[in-house]
Amino acid sequence: RAFTVTTTLGLSATALGFSMKRAAAAEYSLKFAFNLAETHPITTRAREAAARIQHETNGRVELQVYPNNQLGSDTDMLSQVRAGGIDLFLNSGINVLSTMVPAASIYGLGFIFPDYDTVWKTMDGELGAALHKLIEKVNLLPMEKMWDNGFRHITTSTHPVNSPADLAGMKIRVPVGALWTSMFQTFGAAPASINFNELYSALQTKVVDGQENSLANIKTANIVEVQKYCALTRHMWDAFFCVANKRNWASLPADVQEVVSRNINLAALDERQDMAKLSESLKEVLAKQGLVFNQPDTEAFRQKLRDGGFYTGWREKYGEELWAILEKTVGKLT
Ligand code: X2X
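All residue numbers refer to position in the chain's written sequence, counted from 1. Given that this is a predicted model, residues contribute local features only at a pLDDT of at least 70 and side-chain atom pairs are listed and counted only at 80 or more, while totals for whole chains, interfaces and linings are drawn from all residues. The side-chain figures draw on all heavy atoms in the structure; neither hydrogens nor water molecules are used.

**Some points on the packing of helix 6 (residues 126-136) against helix 14 (residues 320-330)**
Helix-helix packing is characterised by the crossing angle of the two axes and by the distance between the axes. Just so we agree on the cut-off: For helices, the fitted line uses only the C-alpha atoms of the stretch in contact; every axis is such a line through C-alpha atoms, and the angle between N-to-C directions lies from 0 to 180 degrees. Each helix corresponds to a stretch of at least 4 residues labelled H or I by DSSP, and each strand to a stretch of at least 2 residues labelled E; elements are numbered beginning at the N terminus. Each angle receives one of four descriptions, namely roughly parallel if under 35 degrees, roughly antiparallel if over 145, roughly perpendicular if within 65 to 115, and oblique otherwise. The contact definition used throughout considers only heavy atoms, calling two residues in contact when any of these lie within 4.5 Å. Under the scheme applied here, ten amino acids are nonpolar (Ala, Val, Leu, Ile, Met, Phe, Trp, Tyr, Cys and Pro), four are charged (Asp, Glu, Lys and Arg), and all others, including Gly, are polar.
Their axes nearest at 9 Å, the elements helix 6 and helix 14 cross at an angle of 150 degrees. Relative to helix 14, the element helix 6 is oriented roughly antiparallel. Together, Glu126, Leu127, Ala130, Leu131 and Leu134 of helix 6 and Leu322, Ile325, Leu326 and Lys328 of helix 14 make up the contact between the two elements. Here the contact of helix 6 with helix 14 is composed, by residue class, of seven nonpolar, no polar and two charged.

**Description of helix 2 (residues 41-56)**
What counts here: Every helix has an expected span of 1.5 Å times one less than the residues it contains. Relative accessibility under 20% of the residue-type maximum defines a buried residue, over 50% an exposed one, and the middle range a partly exposed one, all with a 1.4 Å probe and only protein chains included.
With 16 residues, helix 2 should cover 22 Å at 1.5 Å per step; its first-to-last C-alpha distance of 22 Å lies within 8% of that length. Buried within helix 2 are the following residues: Pro41, Ile42, Thr43, Arg45, Ala46, Ala49, Ala50 and Ile53. Elements that come into contact with the buried residues of helix 2 comprise strand 1 (28-33), strand 2 (61-66), strand 3 (88-92), strand 5 (147-156), strand 9 (229-245) and helix 11 (254-288). Two residues or fewer after helix 2 comes Asn58, characterised by a positive phi angle close to 50 degrees.

**Points about the site of the ligand**
As a reminder of what qualifies: Any residue with at least one heavy atom within 4 Å of a molecule or strand is counted as near it. Any pair of nitrogen or oxygen atoms within 3.5 Å is treated as a polar contact; in protein, a donor-acceptor pairing is required on top of that, and neighbouring residues in sequence qualify only through side-chain atoms on both sides. Where accessible areas are quoted, they stem from the Shrake-Rupley method and a 1.4 Å probe; at the residue level, only the protein chains shown are allowed to cover.
Every residue lining the ligand is accounted for by Asn35, Asn95, Asn149, Arg152, Arg173, Pro175, Trp180, Phe196, Asn213, Asn217, Asp238 and Phe240. Between the ligand and Arg152, the relevant distance is 2.9 Å, taken from an oxygen atom to a side-chain nitrogen or oxygen of the residue. Coverage of the ligand by the protein amounts to 100% of the 270 Å² it exposes when considered alone. Among the secondary structure elements, those contributing two or more residues to the shell around the ligand are strand 5 and strand 9.

**Describing the nonpolar core**
Rule in force here: Each nonpolar core is a collection of buried residues, namely Ala, Val, Leu, Ile, Met, Phe, Trp, Tyr and Cys, held together in the definition by side-chain atoms within 4.5 Å.
If you look at the biggest cluster of nonpolar residues, it comprises 80 residues, and the most contacted ones within it are Tyr107, Leu109, Phe184 and Trp237. Here the element with the most residues in this core is strand 9; it accounts for eight residues. Those residues in contact with Phe184, other than ones at most four positions away along the chain, are Ile154, Leu167, Ile172, Val174, Ala189, Pro191, Glu212 and His235. Within the second largest apolar cluster, 29 residues are counted, among which are Phe32, Ile42, Val259 and Ile264.

**Regarding the pairing of strand 2**
Heads up, the condition is: A strand pair is defined by DSSP finding two or more bridges across the two strands. By convention, a crossover is right-handed whenever its connection, traced from the first strand over the helix to the second and viewed with the strands pointing away, goes clockwise.
Burial analysis of strand 2 places five of its six residues in the buried class, the great majority of the element. Note that strand 1 and strand 2 share six bridges and pair parallel. Within strand 2, the residue paired with Tyr28 across the bridge is Val61. For the crossover from strand 1 across helix 2 to strand 2, the handedness is right-handed.

**A word on the environment of Lys206**
Relative to the elements of secondary structure, Lys206 occurs in the loop between helix 8 (199-204) and strand 8 (210-213). With sequence-adjacent residues up to four places away left out, Lys206 is seen in contact with Ser157 and Lys171.

**Remarks on the packing of helix 7 (residues 178-186) against helix 13 (residues 310-318)**
We apply this condition: In a left-handed crossing the near helix is turned counterclockwise from the far helix by less than a right angle, and in a right-handed crossing that turn is clockwise.
Relative to each other, helix 7 and helix 13 sit at 160 degrees, their axes nearing to 11 Å. With respect to their mutual orientation, helix 7 and helix 13 come out roughly antiparallel. When you trace helix 7 past helix 13, the crossing you get is right-handed. Here helix 7 contributes Ala178, Leu179, Ser182, Met183 and Thr186 to the contact with helix 13, which in turn contributes Phe310, Trp314 and Tyr318.

**Comments concerning the pattern of salt bridges**
Convention followed: Any carboxyl oxygen of Asp or Glu that lies within 4 Å of a side-chain nitrogen of Lys or Arg is treated as forming a salt bridge with it.
For the coordinates displayed, the defined rule picks out 22 salt bridges. Arg152 is the partner of Glu212 in a salt bridge, and the nearest nitrogen-oxygen pair spans 2.8 Å. Here the residue Glu212 occupies a position in strand 8, and Arg152 occupies one in strand 5, the gap between them amounting to 60 residues. Across the pair, Arg152 and Glu212 agree in class, each one buried.

Here is the structure:
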């Protein structure tokens, strides 16, 4: 059985070998796992979805939320959702998911989104639908709405980044995905692929001098404690697909699928609004914590990507069909 029936002690009915009272136990338990910190809006909204699902089903369905890499690194969690040990997994299409579905990273191309309107027009539209189809091919089922992981900025412990020259040879952490490595190599940096659960210690022990992330992650994952400077580069935008293990999902009755997917998609929409607000309000909060901000001229970074053949190279990898769909909403890229 895909979804184990559990007692309040967490023992499975099959393990106990006899039937039990289910008064306090959910009939369906779903493990929902991701890398974000407890205080990140994704976690708050996921917990809200869990409460709504419990309420609407009178306790019949329990969404167990595991934030903060409690079930392992992104690499581990991807294996687990593939195997069925995790039922629902939030992961960026640019991150480890791209090791299985390379094209899922296309929306992470540098500097393609001017604003959130363009972002959601693209990802809730034709491009998002095309990526969903590719993800389904690897037996993962994406929920309809993506969760915002924000526009990304570069932080460092050593010096402020004002131009690509300031990145030359710099050891910078990037997530585990080929697009990220390629982008920072093209900027002239020395990127290292490190999972999010190892980021704080990699910065603290100076294995790397910098990293890049949303302000929400810089705040909630305490990156601010181990970094001094933040260049507001907005070099890319990221978000998470919420993918279900297909077999586990198919084993749920239709009414349970409906309640779970509706509440998860609603939580994603609410979380998008939280992130849009935080992308502004957190600047002051982080500055008060000692982070020194600067606003580089981002055109120099874009030019570096163009000159380095970044867009033309990735156009070949993604293929003409996806590229054309993307350009419909973001304009000509090459
Ligand atoms: O690993 C990261 O930096 C994070 C949390 O932003 C992603 O999952 C891509």
